[in-house]
Amino acid sequence: MHIKQAPTVYICILNYKSMAYRIGTGIDFHQLKEGRDLWIGGVKIPHSKGAVGHSDADVLLHAICDALLGALCLGDIGVHFPDTDAAYKNIDSKILLAQTIALIKKEGYSVVNMDTSLCLEEPKIKPYTAQMRKTIAGIAGITEKDISIKATTTEKMGFVGREEGLMAYASVLLEKVV
Ligand SMILES: [Zn+2]
């Protein structure tokens, strides 16, 4: 028997406040210098160098904040937490992430999942990714299974290869909940 399928009709309303899903991407870089702590993904990692920045310079949390803000066209981390503001001097980036999550919740969205990549030569971050995922999940109100943290080197090329700096990328998906 042949069943004729009715055509599916999609209605697209060009107003993000009524869209079910939004995607965002973020990228961040920091220099690495001796005499600084190395914070990545909300976790302090023992290393001979740390990331340089106005805040605690957590490259992964900053990339995630930018992805969250980007998903809702809310500008970037520099707009919300300017590095010229003394209030953010050496601030724990977990606070910045919590404030960013509060912003997207205020807009009626919650996080579905995050996929991130770190790019650094040293140290190996695999021993710390479980703790990073747990930390970020706790702030974002999702489970660790919804957070991916990958890592790569640049095969000794460029500023990452020379261990002068590190970088992070993040993609997030948001879902409208109210
Ligand atoms: Zn940063």
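Quick summary incoming for the structure in this document. (Residues numbered from 1 in each chain as written. Predicted model: local features only at pLDDT ≥ 70, side-chain atom pairs only at ≥ 80, totals over all residues. Heavy atoms only, no water.)

### Let's talk about the nonpolar core
Here is step 1: Grouped together as the largest cluster of nonpolar side chains are 45 residues, with contacts concentrated most on Ile 40, Leu 60, Ile 64, Leu 68, Leu 118, Ile 136 and Leu 174.
Here is step 2: With ten residues, helix α1 (residues 59–71) is the single largest residue contributor to this core.
Here is step 3: In contact with Ile 64, not counting residues within four places along its chain, are Leu 97, Met 114, Thr 116, Ile 136 and Ala 170. (Core = buried A, V, L, I, M, F, W, Y, C linked by side-chain atoms within 4.5 Å. Buried < 20%, exposed > 50% of the residue type's maximum accessible area, 1.4 Å probe, protein only. Helix = DSSP H or I, 4+ residues; strand = E, 2+ residues; numbered from the N terminus. Contact = heavy atoms within 4.5 Å.)

### Re the environment of Tyr 128
Here is step 1: With respect to the helices and strands, Tyr 128 occurs in the loop between β5 (109–119) and α4 (129–140).
Here is step 2: The partly exposed category is assigned to Tyr 128, whose relative accessible area is 21%.
Here is step 3: For Tyr 128 and Ile 45, which are 83 residues apart along the polypeptide, the C-alpha to C-alpha distance reads 7.7 Å.

### Notes on helix α3 (residues 93–106)
Here is step 1: Given a rise of 1.5 Å per residue, 14 residues ought to cover 20 Å, and the 20 Å separating the end C-alpha atoms of α3 matches this to within 8%.
Here is step 2: Against α1, α2 (77–80), β5, α4 and β7 (165–176) lie the buried residues of α3.
Here is step 3: Residue Asp 92 occupies the N-cap position of α3, its side-chain oxygen lying 2.9 Å from the main-chain nitrogen of Lys 94. (Expected span 1.5 Å × (residues − 1). Polar contact = N/O pair within 3.5 Å; in protein donor to acceptor, adjacent residues only side chain to side chain.)

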